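Reading the structure
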Amino acid sequence: MDKATQTMIENLYKNTGKSLEQWVEIVTKENFEKHGEIIKFLKEQHDFTHGFANLVAHKSRASDAGSAENTDDLITAQYQGKENLKPIYDKLISEIVSFGNDIEIAPKNAYVSLRRNKQFATIGPATKTRFEIGINLKGQEPSDRLEAEKPNAMCSHKIKIANINDIDSEVINWIKNAYENAK
């Protein structure tokens with residue numbers, strides 16, 4: 001389990017007086033069929049923030065990355081029907097691991113989180129034809145290729161990649177700067 005999830009679980013208990021297991025039991029008794037129903041219930045009936053509601057919803061349905069038995073399966077699932085984008089992922093990972101031996105590669109359900117002491121980038125297929133790189137470069141002015149992300153997003157900027165040739169030294173340097181800033 002990653003540190004962020006562990007912290008959320010600890011804070012869930014501090015904020016509500018109930019453990020994650022107790023909340024999963026409460027939600028399970030309601031027999032909700034959809035993730036969104038769980039979130040709505042927790043937010044409306046128990047004043048949860050979206051983040052805590054999402055955590056409980058995922059854990060109750062075992063649909064979070066932490067519930068996956070094999071993280072390689074998460075990566076395989078991300079590229080189901082998007083196999084044309086997998087070479088982009090492979091090239092980026094081979095470049096990124098050369099930055100240092102302190103990189104945590106943490107596959108999630110829809111993307112891969114890249115962490116040092118904190119998350120510096122996310123990578124993954126956005127659509128069947130477009131790959132996205134999210135990077136944390138607070139204070140960096142956006143450009144044509146380096147787009148500002150919407151407020152409160154996991155990353156400050158994003159780069160849209162259409163094909164493997166879009167990965168050039170400029171893209172790698174932005175990711176490396178984000179890595180270096182994540183000390």
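Further up the page is the structure itself.
One structure accompanies this document, and this report is about it. (Residues numbered from 1 in each chain as written. Predicted model: local features only at pLDDT ≥ 70, side-chain atom pairs only at ≥ 80, totals over all residues. Heavy atoms only, no water.)

Let's talk about the layout of surface pockets
Considered as a void within the structure, the second largest pocket measures approximately 330 Å³ in volume. Residue lining of the second largest pocket: 16 residues in total, with Thr122, Glu132, Gly134, Glu149 and Met154 positioned closest to the centre. Residue assignment for the lining of the second largest pocket shows that the elements contributing at least two residues are β3 (119–125) and β4 (131–135). In terms of residues, the lining of the second largest pocket owes the most to one element, β3, which gives 4 residues. (1 Å grid on protein atoms, 1.4 Å probe; cavity = no way out; pocket = protein on both sides within 12 Å on 5 of 7 lines; lining within 4 Å. Points joined across faces, edges and corners; volume = space filled by probe spheres on them. Helix = DSSP H or I, 4+ residues; strand = E, 2+ residues; numbered from the N terminus.)

A short note on the sheet that holds strand β1 (residues 104–107)
Whether parallel or antiparallel, the strands of a sheet pair through hydrogen bonds between backbone atoms. Strand order in the open sheet formed by 6 strands is β1-β2-β3-β4-β6-β5, and the pairing between neighbours is antiparallel. A single partner strand is all that each edge strand has here, and the edge strands are β1 and β5 (147–148). Sheet topology places β5 next to strand β6 (residues 157–161); 2 bridges connect them, and they run antiparallel. Opposite glutamate 147, over in β6, you have lysine 158 as the bridge partner. (Pairing = 2+ DSSP bridges.)

Some details on the packing of helix α2 (residues 20–29) against helix α3 (residues 35–46)
As a packed pair, α2 and α3 sit with axes 11 Å apart at the nearest point and diverge in direction by 110°. The angle between α2 and α3 falls in the class roughly perpendicular. Residues Trp23, Ile26 and Val27 of α2 form the contact with α3, whose participating residues are Ile38, Phe41, Leu42 and His46. Residue classes in the contact of α2 with α3 are distributed as 6 nonpolar, 1 polar and no charged. (Axes fitted to C-alpha atoms, helices over the stretch in contact; angles between N-to-C directions. Parallel < 35°, antiparallel > 145°, perpendicular 65-115°, else oblique. Contact = heavy atoms within 4.5 Å. Nonpolar A, V, L, I, M, F, W, Y, C, P; charged D, E, K, R; others polar.)

A word on helix α1 (residues 3–16)
Here α1 contains 14 residues, and its C-alpha end-to-end distance of 20 Å stays within 8% of the 20 Å for a straight helix at 1.5 Å per residue. Backbone geometry just downstream of α1 places glycine 17 in the positive-phi region, at approximately 80°. (Expected span 1.5 Å × (residues − 1).)

Some points on the pattern of salt bridges
For the structure shown, the criterion picks out 9 salt bridges. In this structure, the salt-bridge partner of arginine 130 is glutamate 132, at a minimum N-O distance of 2.8 Å. On the accessibility criterion, arginine 130 (26% relative accessible area) is partly exposed. Put simply, arginine 145 and glutamate 170 hold a salt bridge, and the shortest N to O gap is 2.8 Å. Note that arginine 145 is positioned in the loop between β4 and β5 and glutamate 170 in helix α7 (residues 169–181), a separation of 25 residues in sequence. On the accessibility criterion, glutamate 170 (35% relative accessible area) is partly exposed. Beyond isolated ion pairs, a larger network of salt bridges with shared partners links Arg145, Asp168 and Glu170. (Salt bridge = Lys/Arg side-chain N within 4 Å of Asp/Glu carboxyl O. Buried < 20%, exposed > 50% of the residue type's maximum accessible area, 1.4 Å probe, protein only.)

Re α7
Between its first and last C-alpha atoms α7 spans 18 Å; for 13 residues at 1.5 Å apiece the expected length is 18 Å, and the two agree. All buried positions along α7 are accounted for by Val171, Ile172, Trp174, Ile175, Ala178 and Tyr179. Within α7, the buried residues cover an arc of 160° as seen down the axis, which keeps them to one side. In α7, the exposed positions that point more than 90 degrees away from the buried face belong to Ser169 and Asn181. On the buried face of α7, the contacting elements are α6 (86–96), β3, β4 and β6. (Arc of directions from axis to C-beta.)

Remarks on the side chain of lysine 158
Mapped onto the elements, lysine 158 comes out in strand β6. Setting aside residues up to four positions removed in sequence, lysine 158 forms contacts with Glu132, Ile133, Gly134, Arg145, Leu146, Glu147 and Glu149.

Overview of the environment of glutamate 180
Here glutamate 180 lies in helix α7. Distance in space between the C-alpha atoms of glutamate 180 and glycine 100 is 9.7 Å, their sequence separation being 80 residues.

Let's talk about the pairing of β6
Along any regular strand the residues' side chains alternate between the sheet's two faces. Where burial is concerned, most of β6 is hidden: 4 out of the 5 residues are buried. With 5 bridges connecting them, β4 and β6 associate as antiparallel partners. Residue pairing for β6: isoleucine 135 is matched across the bridge by histidine 157.

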